[in-house]
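# Coordinates in review
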Amino acid sequence: MREANKNCVANLKLVEPVLKDSGRYNHVFRREKELSDLIALNDYLVVSTEKRVAIASGFVKNISSCEFTISLERDLSSHKDGYFFVDHYTSNMQLDFNLTNLGYLLEMTPQSDFLRNMIISFHLPAFKQLDADVLEKSQQIMTKLNKCQMQAVLQALSTQHYLLIKGMPGTGKTETLVTLVELLAKLGKSVLVTSHTHSAIDNILRRLSADIDILRLGSISKVHPDVKQFSEQNLVYSTPQQLETIFNRKEVVGVTCLGSAHVLLRRRRFDVVLVDEATQVLLPTTLRPLYAANRFILVGDPHQLPPLVRSQRASDQGLNQSLFSHLDRPTVTAVLSVQYRMNQCITDLANGLTYEGKLECANDVVKNATIKLTEKLDFPSWMALPLSESLDQSVVVLDSGYVSTAKFSNQREADVIYNLVTTMKNAGLDASQIGVIAPYQDQVSLIKSKMVGLAVEVSTVDTFQGRDKHIVIYSCTRSSHAKESGLLSNHNRLTVAITRAKQKLIFIGDVQTLKGYSIFQKLFSLIDPSNIVVLPDEIPS
C-alpha cells in the first residue's frame, strides 16, 4: 500500500561493497523491478529492514532504472535481515518556517513596515555622509582592500536601510566582508552574520580579529573546529537572565538563515545583519534574520547558482528568485569586479559568456598565470594543448565525438580524464590542484571510481561552487543528438564551472551534441577554433 502511494520502495537488496566517502557511507540498493518515478535525486529517505525500522537515513546521490545510491551516516553491510525498505521522509518544518516569515511581513510593526517598503514597494535606501572619525578608522582597517572593495565597505557603512554587494568570482568577497564586520565592531555596532551554509558563516568568523567578542549559534557538530570556542554550548550561566545578558553583550553573532528562529534572536536587535550567499537562499528564508536588525547587507552573485527549488511549477512562478535578485539595481548594488583567481584567457571567457566585460584581473601575476610542468614526458599528440604552458591555450576543448552511452554517464570521457590526469601528475602538476566537474552525479561516480588514489577532487557543479583549482576539467557527459533542457543547458551552472579554474580550463564532450544548446554555441564562439582538439578513436581505459 505504501509503495502504491509512492511513499515507500520495497524488496531492495544491498549491493556490496559499501564505500566510505567523507565520513559517510554510500550504499547501492537494487531490485529487479524498475523504480519508475518512486525515487528522485536528492530525496531524503529512511532505511528499514524486515525486522528493524528506521535504522539509517540520508539523501539519494545517484539513480538508475533498478538501483540507486544513498549516502548514510552508518555502514549497513552487517545487517543480514533479508530485504531493505526505504520510506520518504516528509517534513513541513521548512515550509512552516517560510510561511511564518511571510506572515511576519504582514504584521503592523515598524520593522515589518520597513521591510514591506524596501522589498515590496521598492523604496530606495538612503545613504548618509560618513563623519571624519568613521573615515579615519576605515582607513586604518581597509589597508589590504582594493578600490572597489573599499567602496563597497564605505557604502555599507553609509546606508541607512540596506545595500547589496555583488561579489563576482575570485574578487575577494570574504576578505571584504571580514573587513566590514571588523570595522562595524570597532565603531561600536552589533552585527548578525548569517548565510545559507555553516561554512560560509565560519569562513568569516574564523578570520575576525581576536579582540572581537563572538557568539556562534547552532549545533556544535556543524561548526568549524576553529569556531567551536565561540559556540553557545560553551557559555557559562546559571539563570536565563544571565544568558540573555551575555548574549546581548556579544559584538558579532553567527547563525544560519534557518537557525535565525533561535529564541535569543527574538529578544535582541542588531545594528546590521549581513547575509552571505544571499543569491542561494529562498526569498522567504532570507526574511527571518532581517527582522532582527535595523539595516541589512545582502552579498552574493546572481550569475552563480540560484536557490534550489525542486518543483518546476514553483520555479516558473518565481520561487527560485532570491531576495538579492529581486532587489538588484545599480543604485543599491556595490560591485566587486577586480578578481584574483582566473588568468586573462579564462577571464575573457567568463566575461564573454556572462559578466559582460566587467571582470578584470587584479594584476599581471594573476593575468599571466599558467600551469608549469616540471617533468618532460612523451605523451599522445592530443594531450599537447591540455598540457600546454601557453597563456593563449588556457582554455581547451577536447571533442570526444558521439558515443552510444547511458543517459547520464560517459565511459569514454571518464577514460580521457583518467589518462589526462595521470599524465598531468607524472608531469609534475599537483594532483590536489586538479578539479574534475560534471553536471551529473552518475558521471561523478564513474570518474571517482577511476580516480582512486590520485588525490583529485571530483564533484558536481553544485558542490564546487565557492571553490577553485589551478586546473578544472569539465566532463559534459551527454552524447545524444536530441536537444533537452536541464543541467547541461543551465547558464548559471556553466558559469560556475568556468569560474572555478585559475590557470587551465578543459572541456570534454561531443561538440556536435553540445552545439544543440544555445549556451554552448555561445561558449564555442568565444574559444579559438585552434584550441578545439578532436580526440582519437582509441583511448586507453
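For the structure itself, consult the block above.
Since this is a predicted model, take the numbers as computed values, not measurements.

Thresholds, definitions, all that
Residues numbered from 1 in each chain as written. Predicted model: local features only at pLDDT ≥ 70, side-chain atom pairs only at ≥ 80, totals over all residues. Heavy atoms only, no water. Pairing = 2+ DSSP bridges. Helix = DSSP H or I, 4+ residues; strand = E, 2+ residues; numbered from the N terminus. Axes fitted to C-alpha atoms, helices over the stretch in contact; angles between N-to-C directions. Contact = heavy atoms within 4.5 Å. Core = buried A, V, L, I, M, F, W, Y, C linked by side-chain atoms within 4.5 Å. Buried < 20%, exposed > 50% of the residue type's maximum accessible area, 1.4 Å probe, protein only. 1 Å grid on protein atoms, 1.4 Å probe; cavity = no way out; pocket = protein on both sides within 12 Å on 5 of 7 lines; lining within 4 Å. Points joined across faces, edges and corners; volume = space filled by probe spheres on them. Nonpolar A, V, L, I, M, F, W, Y, C, P; charged D, E, K, R; others polar. Left-handed = near helix turned anticlockwise from the far one by under 90°. Parallel < 35°, antiparallel > 145°, perpendicular 65-115°, else oblique. Expected span 1.5 Å × (residues − 1). Polar contact = N/O pair within 3.5 Å; in protein donor to acceptor, adjacent residues only side chain to side chain.

Spatially, the 6 strands close up into a barrel ordered E1-E2-E5-E4-E3-E6, and their pairing is antiparallel. Ignoring which end each strand starts from, the neighbouring axes of this sheet average 45° apart. Where strand E3 (residues 44-49) lies against strand E4 (residues 56-63), 4 bridges are found, and the strand directions are antiparallel. Bridging from a neighbouring strand, Val-47 pairs with Ala-56 of E4. Lying over the sheet, helix H14 (residues 441-450) contacts strand E1 (8-21) and E4, oriented at roughly 90° with respect to E4.

With that settled, the discussion passes to the nonpolar core. With 35 residues, the main nonpolar core has Leu-115, Leu-192, Phe-247, Phe-270, Leu-290, Phe-296 and Leu-298 as its most contacted residues. Those elements giving two or more residues to this core turn out to be helix H2 (110-120), strand E7 (162-167), helix H7 (240-249), strand E10 (252-256), strand E11 (270-276), helix H8 (283-290), strand E12 (293-300) and helix H10 (323-327). Looking at this core, the element that brings in the most residues is H2, giving 4 residues. In this view, Phe-270 contacts Ser-190, Val-191, Leu-192, Phe-247, Val-253, Leu-265, Ala-292, Ala-293 and Asn-294; residues no more than four positions away in its chain are not counted.

Left-over empty space is what a probe sized like a water molecule reveals as it rolls over the atoms. The calculated volume of the second largest pocket comes to roughly 280 Å³. For the lining of the second largest pocket, a count of residues per class yields 5 nonpolar, 5 polar and 6 charged.

Before going further, it helps to examine the packing of helix H4 (residues 147-158) against helix H5 (residues 173-186). In helix packing, the relevant descriptors are the interaxial angle and the interaxial distance, both defined with respect to the helix axes. Interaxial distance between H4 and H5 falls to 10 Å at its minimum, and their mutual angle equals 40°. With respect to the hand of their crossing, H4 and H5 are arranged in right-handed fashion. On H5, the residues touching Gln-149, Val-153, Ala-156 and Leu-157 of H4 are Thr-176, Leu-180, Leu-183 and Leu-184.

This paragraph deals with the packing of helix H1 (residues 93-105) against H8. In contact at an axis separation of 8 Å, H1 and H8 are set at 60° when each is read in the N-to-C sense. Between H1 and H8, the angle is such that the two are oblique. Remark: the crossing between H1 and H8 carries left-handed chirality. For the pair H1 and H8, contact is made by Gln-94, Phe-97, Asn-98, Thr-100, Asn-101, Leu-102, Tyr-104 and Leu-105 and by Pro-284, Thr-285, Leu-287 and Arg-288, respectively. Each residue belonging to the contact of H1 with H8 can be placed in one class, and the counts come to 6 nonpolar, 5 polar and 1 charged.

With that settled, the discussion passes to helix H13 (residues 411-426). Spanning 16 residues, H13 covers 23 Å between terminal C-alpha atoms, matching the ideal 22 Å at 1.5 Å per step. Burial analysis of H13 places 12 of its 16 residues in the buried class, which makes it a mostly covered element. Among the residues making up H13, those that are buried are Arg-412, Glu-413, Ala-414, Asp-415, Val-416, Ile-417, Asn-419, Leu-420, Val-421, Thr-422, Thr-423 and Met-424. Packing partners of the buried residues in H13 comprise strand E16 (395-399), strand E17 (434-438), H14, strand E19 (469-475) and strand E20 (501-509). Where H13 begins, one side-chain oxygen reaches toward the backbone nitrogen of Arg-412, 3.1 Å away; that side chain belongs to Asn-410. Count one or two residues on from H13 and you reach Gly-428, which has phi positive near 100°.

That's the geometry; what it means functionally is another story.
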